[in-house]
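# Geometric and topological summary
In case you want the letters, here they are:
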Amino acid sequence: MFTPEWRLLAHEVGLASYSLRSGLASLRKANYADQQVYYGGFFQYTIGLERVMKLALIIDYLVENGTLPTDKQFAKRFGHKLTDLLSSIGDVRSRLDVSASVWELPDADMTNAAMAVLSDFAIGARYYNIDVLTGKIATQDPVDRWFSEVGQPLMKKRKRPWKDVQWAHKLDSEVGGRSNIKFETEIGSPIHTFAAAAQAANESDYVAKEGTFLCARIARHAISVLIARSNQVPHSFHIPNFIEFFYIFVMNDAYLKRQKSFAG
């Protein structure tokens, strides 16, 4: 028989898994021509990551104190600041045995860059467009920040050369000024030629793949801490088997990197 606590935890972890998978699937498809997909990906991913980390902190409290935290003990301590939550996840990790099955975070430089953008999005930058439209002092466009602070550093790490776009230059020469291309890159640079569009597509595709992989690894770390800590909950307190909601996130790097839809 399911207890009320079991049911609530199951619903919450199910929502977290769904949000993470939806967010990552959107980020994997995001590109300069469909920038709304970035926003959708950020929305879902940050919601899912926040919920996973808060669940890990709730379970950590349960293990330490034998009871669930009260609203005063929990809600007022943690808001939407993902960087603080990730730091708290590190504290939980420190209370696990060193041999616990926990996936590590990506390199600190990329983790910090990604989390800074995502945390600011969760706190308030998700309203960037409305804030600008209504005259409120706004932060930098989240898509611009993501591509500048995460995407461009990822591209500098790229080992394989860019795809040849000579065909696009040739097409520009043949078409001349008869084409009417009106797009912008993620950082707001105008795209008026086939060559510029091909280059932007190459960059979008690479950042979508590597940026999504980066986010998946961050989520995998938090999830593995949640699962490892849940294994220490007293048997008298019934909780869901969290790993059942996150099978896709406990796989190795090669598996994660191949994912596009993050189904299952």
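What this report covers is the structure whose coordinates are included nearby.

### With respect to the overall build of the chain
When helices and strands are tallied, the chain shows 10 helices and two strands. Each helix and strand of the chain, ordered N terminal to C terminal, gives the series α-α-α-α-α-α-α-α-β-β-α-α. In terms of principal-axis extent, the alpha carbons of the chain reach across some 75 × 45 × 35 Å. When burial is assessed residue by residue, the chain has 46% of its 264 residues classed as buried. Partitioning the contacts of the chain with sequence separation of at least 6, the portion at a separation of at least 24 is 76%. As presented, the chain carries roughly 14,000 Å² of accessible surface, and 53% of it is formed by carbon and sulfur atoms. Averaging the coordinates of the 31 positive side-chain charges in the chain and doing the same for the 28 negative ones gives two points 3 Å apart.

### Notes on the environment of Ser-236
Its place among the elements puts Ser-236 in the loop between α9 (194-230) and α10 (253-258). Considered as a pair, Ser-236 and Gly-66 are 170 residues apart in the sequence and their alpha carbons are 9.7 Å apart.

### Points about the pattern of salt bridges
This model, assessed by the stated rule, comprises 10 salt bridges. With a closest N to O distance of 3.5 Å, Asp-109 and Lys-157 form a salt bridge. Linking Asp-109 in helix α5 (residues 108-123) with Lys-157 in the loop between α7 (142-156) and α8 (166-175), this pair joins segments that are 48 residues apart in sequence. Residue Asp-109 is classed as partly exposed on the basis of its relative accessible area of 46%. The exposure class assigned to Lys-157 is partly exposed, which follows from its relative accessible area of 42%. Between Asp-120 and Arg-145 there is a salt bridge whose closest N-O contact spans 2.7 Å. Of this pair, Asp-120 sits in helix α5 while Arg-145 sits in helix α7, and the two are 25 residues apart along the sequence. Residue Asp-120 is classed as partly exposed on the basis of its relative accessible area of 31%. One connected set of salt bridges, linked through shared partners, spans Asp-60, Glu-64, Arg-95 and Arg-229.

### Thoughts on α9
Taking 1.5 Å of rise per residue, 37 residues should cover 54 Å, and α9 covers 53 Å from first to last C-alpha, within 8% of that figure. Across the 37 residues of α9, 29 count as buried, placing the element largely inside the fold.

### Considering the packing of helix α2 (residues 36-65) against α7
The description of two helices packed together rests on the angle between their axes and the distance between the axes. Remark: α2 packs on α7, axes separated minimally by 9 Å, with the N-to-C direction vectors making an angle of 85 degrees. The angle between α2 and α7 places the two elements in the roughly perpendicular class. Where α2 approaches α7, its residues Tyr-38, Tyr-39 and Phe-42 are matched on the opposing element by Pro-142, Val-143, Trp-146 and Phe-147. Split into classes, the residues belonging to the contact of α2 with α7 amount to seven nonpolar, no polar and no charged.

Thresholds, definitions, all that
- Residues numbered from 1 in each chain as written.
- Predicted model: local features only at pLDDT ≥ 70, side-chain atom pairs only at ≥ 80, totals over all residues.
- Heavy atoms only, no water.
- Helix = DSSP H or I, 4+ residues; strand = E, 2+ residues; numbered from the N terminus.
- Buried < 20%, exposed > 50% of the residue type's maximum accessible area, 1.4 Å probe, protein only.
- Contact = heavy atoms within 4.5 Å.
- Areas by Shrake-Rupley, 256 points an atom, 1.4 Å probe, with all protein chains shown as cover.
- Lys, Arg positive; Asp, Glu negative; His and termini not counted.
- Charge placed at Lys NZ, Arg CZ, Asp CG, Glu CD.
- Salt bridge = Lys/Arg side-chain N within 4 Å of Asp/Glu carboxyl O.
- Expected span 1.5 Å × (residues − 1).
- Axes fitted to C-alpha atoms, helices over the stretch in contact; angles between N-to-C directions.
- Parallel < 35°, antiparallel > 145°, perpendicular 65-115°, else oblique.
- Nonpolar A, V, L, I, M, F, W, Y, C, P; charged D, E, K, R; others polar.

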